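The primary structure of each chain is shown beneath.
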Amino acid sequence: MSNSPSAKDSATTNAAPRPRPEDERLPLRLLLVYGMQHILTMYAGAVAPALVIGAAAGLANDPASMGILVSGALLVAGIATLLQTVGHRRIGAQMPIVVAASFVPVSAVTALAAGQNGENLPVAFGASLAAGVFALCLTPFFGQLIRFFPPIVTGTIITVIGISLMPVAARWIMDGAVHTGVDGTAVPAAPVANLALAGVTLAVILLGSRVLPGIWGRLSILLGMVVGTLVALPLGMADFSRIGEVDIVFDPTSLFYFGPPRFEPAAIITMCVIMLVVLTEGASHIIAVGEITGSKVDARRISAGLRADVSGSIIGPILNSTPTSSFAQNIGLLALTGIRSRYVVAVGAGILILLGLFPVLGGVMAALPTPVLGGAGLVLFGSVAASGVKTLAKVDFTRNLDLVLVAAAFGVAVIPLAYPTFYSFLPESVEMIAHSGIIGAAVTAILLNICFNVVGGGGRRAPAESSAREPGPTGPAGPEGAAHREGDPGRP
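What you see is a predicted model; the values in this text were computed from it and never measured. (Residues numbered from 1 in each chain as written. Predicted model: local features only at pLDDT ≥ 70, side-chain atom pairs only at ≥ 80, totals over all residues. Heavy atoms only, no water.)

1. So, the pattern of salt bridges
Should their charged atoms come close, side chains of opposite charge can pair. Across all of its chains, the model carries 5 salt bridges by this definition. Close ionic contact of R301 with E22 constitutes a salt bridge, the shortest N to O distance being 2.6 Å. With R301 in helix α12 (residues 299–315) and E22 in the loop between α1 (7–14) and α2 (28–56), this residue pair connects regions lying 279 residues apart in the sequence. Both residues of the pair, R301 and E22, count as buried. The residue D402 makes a salt bridge to R399 at a minimum N-O spacing of 3.2 Å. (Salt bridge = Lys/Arg side-chain N within 4 Å of Asp/Glu carboxyl O. Helix = DSSP H or I, 4+ residues; strand = E, 2+ residues; numbered from the N terminus. Buried < 20%, exposed > 50% of the residue type's maximum accessible area, 1.4 Å probe, protein only.)

2. Examining the packing of helix α8 (residues 192–211) against helix α10 (residues 220–232)
Axis separation between α8 and α10 bottoms out at 8 Å; the angle between their running directions is 145°. The hand of the α8/α10 crossing is right-handed. Within the contact between the two elements, α8 uses L197, V200, T201, V204, I205, G208 and S209 and α10 uses S220, I221, L223, G224, M225, V227, G228, V231 and A232. A per-class count over the contact of α8 with α10 returns 10 nonpolar, 6 polar and no charged. (Axes fitted to C-alpha atoms, helices over the stretch in contact; angles between N-to-C directions. Left-handed = near helix turned anticlockwise from the far one by under 90°. Contact = heavy atoms within 4.5 Å. Nonpolar A, V, L, I, M, F, W, Y, C, P; charged D, E, K, R; others polar.)

3. Thoughts on the packing of aromatic side chains
Here the structure, examined in full by the defined rule, presents 2 aromatic pairs. With 5.0 Å between their ring centres and 80° between their planes, Y257 and F258 make a pair best called edge-to-face. Taking relative accessible area as the criterion, Y257 reaches 38% and is therefore assigned partly exposed. With centroids separated by 4.9 Å and ring planes inclined at 85°, the aromatic side chains of F422 and Y423 adopt a geometry described as edge-to-face. (Phe/Tyr/Trp six-rings, centres within 6.5 Å; stacked < 30°, edge-to-face > 60°.)

4. A closer look at the environment of P416
Topologically, P416 is positioned in helix α17 (residues 400–418). You can call P416 buried: its relative accessible area is 5%. For the pair P416 and S164, spaced 252 residues apart in sequence, the C-alpha to C-alpha distance is 9.7 Å. In this view, P416 contacts Y423, A434, H435, S436 and G437; residues no more than four positions away in its chain are not counted.

5. A closer look at the side chain of T139
Residue position: T139 is located in the loop between α5 (121–138) and α6 (142–145). Separated by 2.7 Å, the side chain of T139 and the backbone oxygen of L136 make a polar contact. Apart from the residues within four sequence positions on either side, T139 is in contact with L279, S303, L306 and R307. (Polar contact = N/O pair within 3.5 Å; in protein donor to acceptor, adjacent residues only side chain to side chain.)

6. What to know about α17
Taking 1.5 Å of rise per residue, 19 residues should cover 27 Å, and α17 covers 27 Å from first to last C-alpha, within 8% of that figure. Burial in α17 covers these residues: D402, L405, V406, A409, A413 and P416. All buried residues of α17 lie within an arc of 100° about the axis, which places them on one face of the element. The outward face of α17, more than 90 degrees from its buried face, is lined by the exposed residues N400 and A407. (Expected span 1.5 Å × (residues − 1). Arc of directions from axis to C-beta.)

7. Remarks on the confidence of the model for the protein chain
Across the protein chain, the average pLDDT comes to 79, with 83% of residues at 70 or higher. Element-level mean pLDDT values for the protein chain span from 35 in helix α21 (residues 479–483) up to 93 in α5. (pLDDT = per-residue confidence, 0-100.)

Structure, rendered in structure tokens:
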């Protein structure tokens, strides 16, 4: 009897902590293969914000500067992803989450950076840095604030972001061309050749999405850009002659390449509002990954993960990059493949850093014909709006107040898109904020949600609470339900 285990010993054995699924260690060969798969899934989305912002800053014809922007975006993505996957328990959720440049701030950053030769990029980077510090300060108690960002608010904002980005794709397709009417008036228009090239790119993307299986279908955007560029070469619509101007290997002197950050109050306020959406996005993604991996996610882990998400906003300006957040398409890949090891994503982060150390690769990406980028942008930016619609689909619109909330937010957002000079009578600092349809929609949606659904005890459950209490499908059968429960804000 003395040889039998005691009840106490049994209880102690049963209480031993079980290994976390995300801590699984795979052979190096599999780590490399699966890590590369993650990078191929998100590469187009990771570099697209840099291309959009660079073009707005007047750098479209400067491959060296565009290469710096793309290289910086990849370096920051790799660093932030490493923090998220293998970082300290207070900085990083230690989960298989890819972090890269977010689409959420793109529209606001392009407005701030608009100019020639990158002269206003320091303003955008300064606002990004200040907003990153602001977001970092919010992470310890964001669980209390997230109740103000239910699906009706985040879905509205994300939809507006996608709509606001559509003019960017149109300008890429037009590529600065103008049409002169019979009365001598010149207006921006897309030449037939540009339309055809964008159409070929779009057709390849749509066809690839339809016929290619699994992960290959997710690469259809890259495939479309490659085919579109190959078609453009014999037509003389692609010019790679200036690639030689781009540094082959990362040059440390390119830190703060466009100058030290400049801090302007109106720009900072705009980016701080945007960062609230980024935090909401990140929190919902961490919860979704917890469901997929079967790992415990608590408030402390969410806070640690959000610190890694916003790290790109703080270190980004040093490397000439913009705010980062987690990528939802990679969360879908987790559910699709069932590979839950965070070390797989950590290896992918290493690949991102290697790619970022060679700016010439970014120069090649930046030299793609703009009509090709425009054709791809229609899908990239449209997917942002579609993600917002998907999030809104979870809202019960039988309440008339919800319809009023969304209608009012959309109305406020569309005014500056339809009439860019609408707020010209306002002071310049106020006009910069009012001119952003995203900010207008966000403020309107947040305030109306507080008035309609929070004040008086009528509040909705926060996205985090909803996701945590209502387990969804996981594994290969449920990528849409589990990985995208809160939508895909800014990730094509």
